[in-house]
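# A look at the structure
Given next are the chains, with one letter for each unit.
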Amino acid sequence: MSGERPISAKAAGGYIKAESPEPLLEVNQSSFKKLMSLIALQGESRTVLAGFKSRWNGSTWMQDQDGYLQKACLAAASGTPTGCSFCRCGLGYPDKRGIHHFMTCRRPLLCPSCNLHRRVEPCEWEFLPAFKAAPFWYALTPGWQSNPRRAGLRWVTEQDEHGCPLDWESFKPWENRPDAKPSLLYSLDCIPELGSMAELAFDFAGDLGEWLSGVYAAFEWHFSFRPRASPRRGELACYHVALAHLHGFGNAPRELGFHDAKQIYRRYCEIILEGWPGREWPSYPDLWISRIPSQADLKTWINYHIKAAHFDEFYRKGIRNGCPLPDLNMEFHSVVWDALNIVRTPRKYGNLNPLVDGYIGVQQFRKLSQPQVKLLLAKIQRDDASAKELLQYDRHLLACGQQYEHKKQIKERRQRGKPKSTPDGRTL
């Protein structure tokens, strides 16, 4: 934000003197202490990272988000407008009228805060009240495997409190097929292929009407950074592999079993064969399905699987895989920041789509702008508003009521997230 005051490393939680002459490209860029010790980290990148650390120190919610600080470090080290915007997300400021606002980066596929406000909370508000409107609910994760012996169906029979599978029945059609060869590995140089794989997974989610009455599906990237065994002249000693997959949930009119799950998996395979040009699999279809037994479990699934990308973990795994830091840093920053807007997400099908008859959710509306409201009110007062404009105004009023209730909930959550202090000033 223009006019933002620089925040020192001391204000961000402990004085760290910038005295290391190491180049930014040659260090672990997910380490706050390492970055702040560098002479090379200067200007806007240093300021926004220190500001983020200061807010992170005062927020238990931010601290509870796995890898949030490491994400901010990588964002600041990128030196990109997206990275700086990421670090400023959540920064409070007053406007010209003195009304307090929070800056947002509007990158929910990258940012845990924007993911919460733009995807998780709206999804909860829309579909948690609908849980009792359908008798059976299921979680599903359609994705891909390059290794045919690992690909197939997992029908989850036991889960932990976070919805993670503990035990399952498997159907792996290629496990004992000696003629099944590993599929190609894709990088972001293969955008058309990766985009087609994502669209095929969405086509599958939208074609489950025989088993599920409605489906909500959200897209997610996974990147793997690996060392190159024998880099050619001019090549980096590090490369990346990209995989696309979905997380979703749906409701069914009857209880499904393992036989149904195998039919669903076969339908996934059929859709890929129908939609993919050529005779070979782009990658082998992989599918997890599990029961969602309660509304609380649906909320857990939404919070756990509709998430911002764990790009900090992709980076740290690259280090563990043995990628040289200079090459990893160059490859990482050339991939992550511009790769996440390729696919439109999330998408809704069947009775979870508000545009379809039989919709069972609580539709979330958007407020109109002040000029739009002023224009509509003038037409209504002149008795000159069309039926469509009257509906727009009614939905605007509904949106105002919904936002009022949501702001109350958000305020209460933020209050719970603030650190509590004892009378002698110690933080609990």
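Before any of the text, the structure's been laid out above.
What this report covers is the structure whose coordinates are included nearby.

What counts and what doesn't
Residues numbered from 1 in each chain as written. Predicted model: local features only at pLDDT ≥ 70, side-chain atom pairs only at ≥ 80, totals over all residues. Heavy atoms only, no water. Pairing = 2+ DSSP bridges. Helix = DSSP H or I, 4+ residues; strand = E, 2+ residues; numbered from the N terminus. Axes fitted to C-alpha atoms, helices over the stretch in contact; angles between N-to-C directions. Parallel < 35°, antiparallel > 145°, perpendicular 65-115°, else oblique. Left-handed = near helix turned anticlockwise from the far one by under 90°. Contact = heavy atoms within 4.5 Å. Nonpolar A, V, L, I, M, F, W, Y, C, P; charged D, E, K, R; others polar. Core = buried A, V, L, I, M, F, W, Y, C linked by side-chain atoms within 4.5 Å. Buried < 20%, exposed > 50% of the residue type's maximum accessible area, 1.4 Å probe, protein only. Phe/Tyr/Trp six-rings, centres within 6.5 Å; stacked < 30°, edge-to-face > 60°. Lys NZ or Arg CZ within 6 Å of the ring centre and 35° of its normal. 1 Å grid on protein atoms, 1.4 Å probe; cavity = no way out; pocket = protein on both sides within 12 Å on 5 of 7 lines; lining within 4 Å. Points joined across faces, edges and corners; volume = space filled by probe spheres on them. Salt bridge = Lys/Arg side-chain N within 4 Å of Asp/Glu carboxyl O.

With that settled, consider the sheet that holds strand β7 (residues 238–252). Taken in spatial order, the seven strands line up as β5-β4-β8-β3-β7-β6-β9 in an open sheet, and their pairing is mixed. Edge positions in the open sheet fall to β5 (165–171) and β9 (347–350), since each of these has one partner strand only. Each strand axis lies, on average, 25° off the axis of its neighbour in the sheet, ignoring direction. As judged from the six bridges shared by strand β4 (residues 153–159) and β5, these two strands associate in the antiparallel manner.

This part is about the packing of helix α2 (residues 43–57) against helix α5 (residues 81–88). As a packed pair, α2 and α5 sit with axes 8 Å apart at the nearest point and diverge in direction by 25°. Taken together, the axes of α2 and α5 lie roughly parallel to each other. In this structure, α2 crosses over α5, and the sense of that crossing is left-handed. Together, E44, S45, V48, F52 and R55 of α2 and C84, C87 and R88 of α5 make up the contact between the two elements. Residues belonging to the contact of α2 with α5 are distributed by class as follows: four nonpolar, one polar and three charged.

What follows is about the packing of helix α4 (residues 68–78) against α5. One can describe the packing of α4 onto α5 by two numbers: an axis separation of 7 Å at closest approach and a directional angle of 145°. Crossing of α4 over α5 shows left-handed handedness. Across from Y68, K71, A72, A75, A76 and S78 in α4, the residues of α5 making contact are G83, C84, F86 and C87. When grouped by side-chain class, the residues that make up the contact of α4 with α5 number seven nonpolar, two polar and one charged.

What follows deals with the nonpolar core. Residues L49, L212, F225, L287, I289 and F311 are the most contacted members of the largest nonpolar core, which totals 87 residues. Ignoring sequence-local partners within four residues, the contact set of F225 consists of C238, Y239, H240, F314, G318, N321, C323, L328, E331, F332, V335 and V336. By size, the runner-up hydrophobic cluster in this structure holds 21 residues, among which are A130, W137, F249 and I360.

The next subject is the packing of aromatic side chains. Evaluation of the coordinates by the stated rule reveals 25 aromatic pairs. When the centroid spacing of 5.6 Å and the interplanar angle of 20° are considered together, the rings of W221 and F223 count as stacked. Judged by its relative accessible area of 3%, F223 is buried. With a centroid separation of 6.4 Å and an interplanar angle of 35°, the aromatic rings of W281 and Y284 are classed as tilted. Residue class for W281 comes out partly exposed when judged on its relative accessible area of 21%. What links up through ring pairs into an aromatic cluster is the set F52, W61, Y68, F86, F225, F311, Y315, F332 and W337. Geometry around F311 places K71 over its ring, the cationic atom sitting 5.8 Å from the centre.

Next up on the list: empty space enclosed by the protein. Enumeration according to the criterion identifies two cavities of 30 Å³ or more in this entry. One number sums up the size of the second largest cavity: a volume of about 40 Å³. Along the walls of the second largest cavity sit Y138, A139, L140, L208, L212, L256, I264 and I289, which together make up its complete lining. Element by element, the count of residues in the lining of the second largest cavity is highest for strand β3 (residues 136–145), at three residues. In terms of residue class, the lining of the second largest cavity is built from eight nonpolar, no polar and no charged.

Here the focus is unusual backbone geometry. Cis rather than trans, the peptide bond between T345 and P346 has omega equal to -5°. Looking at the secondary structure, you find P346 in the loop between α11 (325–335) and β9. Unusually for a residue other than glycine, R106 sits at a positive phi of about 60°. Mapped onto the fold, R106 is located in the loop between β2 (100–102) and α6 (112–127). Positive phi, normally seen in glycine, also occurs at D383, with a value near 60°. Mapped onto the secondary structure, D383 falls in the loop between α12 (370–381) and α13 (387–417).

Right, let's get into the pattern of salt bridges. Counted by the stated rule, this structure contains 19 salt bridges. Across the pair D260 and R254 runs a salt bridge whose closest N-O atoms are separated by 2.9 Å. For R254, a relative accessible area of 40% gives the class partly exposed. One salt bridge connects K379 with E389, and the closest N-O pair in it is separated by 2.7 Å. With K379 in helix α12 and E389 in helix α13, the pair connects residues that are ten residues apart, well separated along the chain. When its relative accessible area of 16% is taken as the criterion, E389 is described as buried. By sharing partners, the salt bridges in this structure join K71, D312, E313, R316 and R320 into a single network.

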